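# Breakdown of the fold
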Amino acid sequence: RVENITVPIPTPIPSVAAKSSVKAKASTVNPIAMAILQLGKPEELSPPPPLEFSLGHPTGINAIDIDVIKLTAQYTAVNGREFLGGLAQREQKNPQFDFLKPTHVLFSYFTTLVDSYAKILQPANDLVARLQQQCIKKQVLQQTLQRWQFTRSQEDRKQ
């Protein structure tokens, strides 16, 4: 025979780990507040530098065609323009490779991808130095906040 026994559940006592996690959260907020204060007023902000490797993707195209364009751009960045010329000639009757024609709507998207991939595969010394400098957490936070604040001020002016 089994009897029901009621056992009281103890209430948790705040531990040292919980207190330290609260301090950790507060310390992550403080750098954000400090960066906002250092940025100044939105009117004083200059436009942030353009995002070098950010690219808007075209809409209304299926995923397979986007993948073909990206993969072709990667091969072109690695193998050069000679590869592109040979591929364009070999696939001239294939409608999936129409983006290789300079008159096609997606040709500029394709060439922008090729340029971006080429920059990544063979970076210039100044690009590597800039990227290493931009890896500092405080600087990344300040740049992000500046970009956000500039975008916000531009949206406020439009309204």
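Here we summarise the structure given alongside this text.

### Some thoughts on the side chain of T72
Looking at the secondary structure, you find T72 in helix α2 (residues 63–79). Other than its neighbours up to four places away in sequence, T72 contacts F83, L87, F97, F99, L100 and F110.

### Some remarks on the environment of N94
By the element assignment, N94 lies in the loop between α3 (81–90) and α4 (107–121). Judged by relative accessible area, N94 falls into the partly exposed class, the value being 22%. Among the polar contacts made by the side chain of N94, one reaches the side chain of E91 at a distance of 3.0 Å.

### Some words on the environment of T112
When you line up the elements, T112 lands in helix α4. The class of T112 is partly exposed, set by a relative accessible area of 32%. Note: C-alpha distance between T112 and L55 (57 residues apart in sequence) is 8.2 Å. Side-chain polar atoms of T112 contact the backbone oxygen of S108, separated by 2.7 Å.

Cut-offs and rules
- Residues numbered from 1 in each chain as written.
- Predicted model: local features only at pLDDT ≥ 70, side-chain atom pairs only at ≥ 80, totals over all residues.
- Heavy atoms only, no water.
- Helix = DSSP H or I, 4+ residues; strand = E, 2+ residues; numbered from the N terminus.
- Contact = heavy atoms within 4.5 Å.
- Buried < 20%, exposed > 50% of the residue type's maximum accessible area, 1.4 Å probe, protein only.
- Polar contact = N/O pair within 3.5 Å; in protein donor to acceptor, adjacent residues only side chain to side chain.

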